[in-house]
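Architecture at a glance
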Amino acid sequence: MINETALLESQTLRGSVLDRTDVLDRTDVLDRVRALSLLPDGMHVTTAMVASYFDVGLEAIKSLVKDHRTELEASGYRLLTGEELRSFKNLSGIQSRTRSLALFPRRAVLNIAMLLRDSDVARQVRVHLLDMEYLARTQPVENPAPADTASLDARIDQRITHILGRTVVPLFNALIETSGEHRRELTALRTGVQRIEKRLQQHHTRLQRLEAPREGRPLAGVMAAMDAMNGREFEEHVAGLLRRDGCTNVVVQGGGRDRGIDITALTADGRRIVVQCKRFAPHLSITSPEIQKFLGAAKVLHDSEVALFVATCPFTRDALNIAAESGITAVHRGLVEQWSAGAALTVLD
C-alpha cells in the first residue's frame, strides 16, 4: 500500500494518484482541508494563492516549481507572458502590471501538496489522497464489460471501414476498368460495398455520441478552458470535435497562407467540409464582412459542401442572416459549448 513517504519520493506514484483523482474529487480533497480561493476564471490560482493555501512562504512554492517544473507542467502549471498574458488579463479581469503570471489548476495544487514537506495543510491533503487511493485499490470494479464491448465495437467498425475504403473498393475499381463483360455486375457490387462503408461510418459516429457526456447542460468549465486557449489550440480543439463526430481527413491548415480556411475535412458520408475558427473574447462579435469573406473562400476557392464558422463569441444579426442565406453554419459561443460537451452538430449528420 502507498504510504506518505513513497508519495513524496516517487513522481510515478504521484502521477498515478492524480490520474485516479477525477475533477470532482480534486475539488473535494482541497476544500475538505480548507477553502481554495480561485481567480475570476474559476479554474486557476497564482503562486501567492498557492503559498497562502498551504501556509508557506512564496519562495517555498517557487523553489518547488524550479525543482519539479516538468512534473508540474504535466499537471497543468503554466507561465503566461506576452500576448497570452494580455489575453488572460482581459478575459479574467485581473488588474496587474506584471510581465509574467504563473497559473496553477487544481490538479497542480494537488501535485504541490504531494511535494511540499513542511506544511501541515499539505500533510492533511496527502492523508485524504491516500485514503482515496486505498479505497480505489480495494473496492471491486463493477461491470467493466460494457465499456470494453463498446470500445471493441468501435475498433471493429474502424478496421472494417479502413479495409473496405483502402482495399476492397480500389480492387473493384481496377476490375471494372479491365473487365468489359461483367462491368455492370462489378459496379453494382462496388456500390453495395460503398453503402456498407458509409453505414459503418455512421454507426461509429453514433457510438461516439452515445459514449459522450449527455448531461442536461454542458459540462462546467468547458468555455473557461476554451477561453484560455490560443488560436492554434482552439483550431486543434475543433478538429478533435470533428474527428469525434466521425469526420475523416481532418487537416488543420493554420498559418498566413490558409486562404481564409483553418480546417478541412470530410463528413462521415463523404461531403467536403471547410471551417473557419475564431477564438475571440466573449464581448466581441462576428460581423457580416467576416462571413462574406469566409463565404468566398469556402464556396469559390474550396467548393465546400459544408461550411462551418466556429467562434467563441456571438454573431451579429446581419452576420447570422448572411450565413443562413448562403448556407454557412454559424457555430456561436453557446453552440460551441454544447458541441464541446457532447452534443452533435446537425449539419454533420
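Rules used in this analysis
- Residues numbered from 1 in each chain as written.
- Predicted model: local features only at pLDDT ≥ 70, side-chain atom pairs only at ≥ 80, totals over all residues.
- Heavy atoms only, no water.
- Helix = DSSP H or I, 4+ residues; strand = E, 2+ residues; numbered from the N terminus.
- Buried < 20%, exposed > 50% of the residue type's maximum accessible area, 1.4 Å probe, protein only.
- Contact = heavy atoms within 4.5 Å.
- Areas by Shrake-Rupley, 256 points an atom, 1.4 Å probe, with all protein chains shown as cover.
- Pairing = 2+ DSSP bridges.
- Right-handed = clockwise from strand over helix to strand, strands pointing away.
- Phe/Tyr/Trp six-rings, centres within 6.5 Å; stacked < 30°, edge-to-face > 60°.
- Axes fitted to C-alpha atoms, helices over the stretch in contact; angles between N-to-C directions.

Bringing the overall build of the chain into the picture now. A count of helices and strands for the chain gives 16 helices and eight strands. Going through the 349 residues of the chain one by one, you find that 42% of them count as buried. Taking contacts inside the chain between residues at least 6 apart in sequence as the whole, the part at least 24 apart equals 63%. Only carbon and sulfur atoms are counted for the fraction: they give 51% of the accessible area of the chain, which is about 19200 Å².

In the sheet, strand β7 (residues 306-311) pairs with strand β8 (residues 328-331) via four bridges, with the strands oriented parallel. Paired with L308 across the two strands is T329, which belongs to β8. Crossover β7 to β8 through helix α15 (residues 317-326) is right-handed.

Applying the stated criterion across every chain, the model contains four aromatic pairs. Arranged with centres 4.9 Å apart and planes meeting at 55 degrees, the rings of Y77 and F104 form a pair that is tilted. Of this pair, Y77 sits in the loop between α6 (69-74) and β2 (78-81) while F104 sits in strand β3 (residues 100-105), and the two are 27 residues apart along the sequence. There is no split in this pair, since Y77 and F104 are both buried.

Attention shifts here to unusual backbone geometry. The backbone of D55 shows a phi angle near 55 degrees, a positive value even though the residue is not glycine. Within the element layout of this structure, D55 appears in the loop between α4 (47-54) and α5 (58-67). Positive phi, close to 50 degrees, is recorded for N249, a residue that is not glycine. Its place among the elements puts N249 in strand β4 (residues 248-252). We classify N249 as exposed; its relative accessible area is 52%.

Let us now look at the sheet that holds strand β1 (residues 44-45). As summarised here, the arrangement of the three strands in space is β1-β3-β2, forming an open sheet in which the pairing is antiparallel. The open sheet has two free edges, formed respectively by β1 and β2, since each of these has just one partner strand. Pairing of β2 with β3, which is carried by four bridges, proceeds in the antiparallel orientation. By the bridge assignment, L80 is partnered in β3 with L101. Sitting on the sheet, helix α8 (residues 106-113) is in contact with β1 and β3, with an inclination near 85 degrees to β3.

Remember that the coordinates give geometry; whether it matters functionally is a separate question.
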